[in-house]
Every structure is written in C-alpha cells, then in structure tokens.
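The lines below spell out each chain.
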Amino acid sequence: MLIQQMPHYLRYFGHIDAADALRADADFLREIIYPPAMHGEIAQPLRYHSPSVA
C-alpha cells in the first residue's frame, strides 16, 4: 500500500516528475522495502485467484 501511495504524496508536494517515474516503475522501491525473502515477488508477484471468486 505504501508503494501505491507514494506517487500521490510526491505529486501533492510538487514532485510531478518523480511521481510519474515512480508510477511507471517502482521496482527499485520494492527492493528497498521488501525483505530479502520476498525479493522473488518483485519480478513475479503472486496472484491470488480462486475459481469461486468472480
């Protein structure tokens, strides 16, 4: 959720170019925030899907 909110904060404080760049590719931020055990999720995130959910 933090990663999804960052572009909004940056845009609010006037950092439009940084917000657009982060929205386009936030992998570097995920590498900083995610623990090492989850770095595999950066390249191929888990998708939770159940046939019973529409």
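Predicted, not measured: the structure shown is a model, and the values here were computed from it.

Novice: Describe the packing of aromatic side chains, with residues and values.
Specialist: All chains considered together, the criterion is met by 1 aromatic pair. Summarising the aromatic geometry, the rings of Y12 and F13 are spaced 5.0 Å apart at their centres and angled 85 degrees between planes, so their arrangement reads as edge-to-face.

Novice: Tell me about the pattern of salt bridges, and please be specific about residues and values.
Specialist: Applying the stated criterion across every chain, the model contains 2 salt bridges. Put simply, D20 and R11 hold a salt bridge, and the shortest N to O gap is 2.5 Å. The class of D20 is partly exposed, set by a relative accessible area of 36%. The partly exposed category is assigned to R11, whose relative accessible area is 34%.

Novice: Can you explain the packing of helix α1 (residues 2-12) against helix α2 (residues 16-24)? Please cite residues and give values.
Specialist: The N-to-C vectors of α1 and α2 enclose an angle of 170 degrees; their axes lie 7 Å apart at closest approach. It follows from the interaxial angle that α1 and α2 lie roughly antiparallel. Viewed along their axes, α1 and α2 form a crossing whose handedness is left-handed. Facing α1, whose interface residues are M6, P7, H8, L10 and R11, α2 presents I16, A18, A19, D20, L22 and R23. Here the contact of α1 with α2 is built from residues that sort into 7 nonpolar, 1 polar and 3 charged.

Novice: Explain a nonpolar patch on the surface to me, using residue names and the numbers behind them.
Specialist: A grouping of L2, F28, I32 and I33 is seen on the molecular surface, where their side chains present a nonpolar patch of about 410 Å² in accessible area. With 3 residues, the single largest contributor to the nonpolar patch is helix α3 (residues 27-33). Tracing the backbone through its elements, the reader meets I32 in helix α3. In this structure I32 comes out as exposed when scored by relative accessible area, which is 64%.

Calculation criteria
- Residues numbered from 1 in each chain as written.
- Predicted model: local features only at pLDDT ≥ 70, side-chain atom pairs only at ≥ 80, totals over all residues.
- Heavy atoms only, no water.
- Phe/Tyr/Trp six-rings, centres within 6.5 Å; stacked < 30°, edge-to-face > 60°.
- Salt bridge = Lys/Arg side-chain N within 4 Å of Asp/Glu carboxyl O.
- Buried < 20%, exposed > 50% of the residue type's maximum accessible area, 1.4 Å probe, protein only.
- Axes fitted to C-alpha atoms, helices over the stretch in contact; angles between N-to-C directions.
- Helix = DSSP H or I, 4+ residues; strand = E, 2+ residues; numbered from the N terminus.
- Parallel < 35°, antiparallel > 145°, perpendicular 65-115°, else oblique.
- Left-handed = near helix turned anticlockwise from the far one by under 90°.
- Contact = heavy atoms within 4.5 Å.
- Nonpolar A, V, L, I, M, F, W, Y, C, P; charged D, E, K, R; others polar.
- Patch = residues over 30% accessible without salt bridge, like charges linked within 9 Å, V, L, I, M, F, W, Y side chains within 5 Å.
- Areas by Shrake-Rupley, 256 points an atom, 1.4 Å probe, with all protein chains shown as cover.

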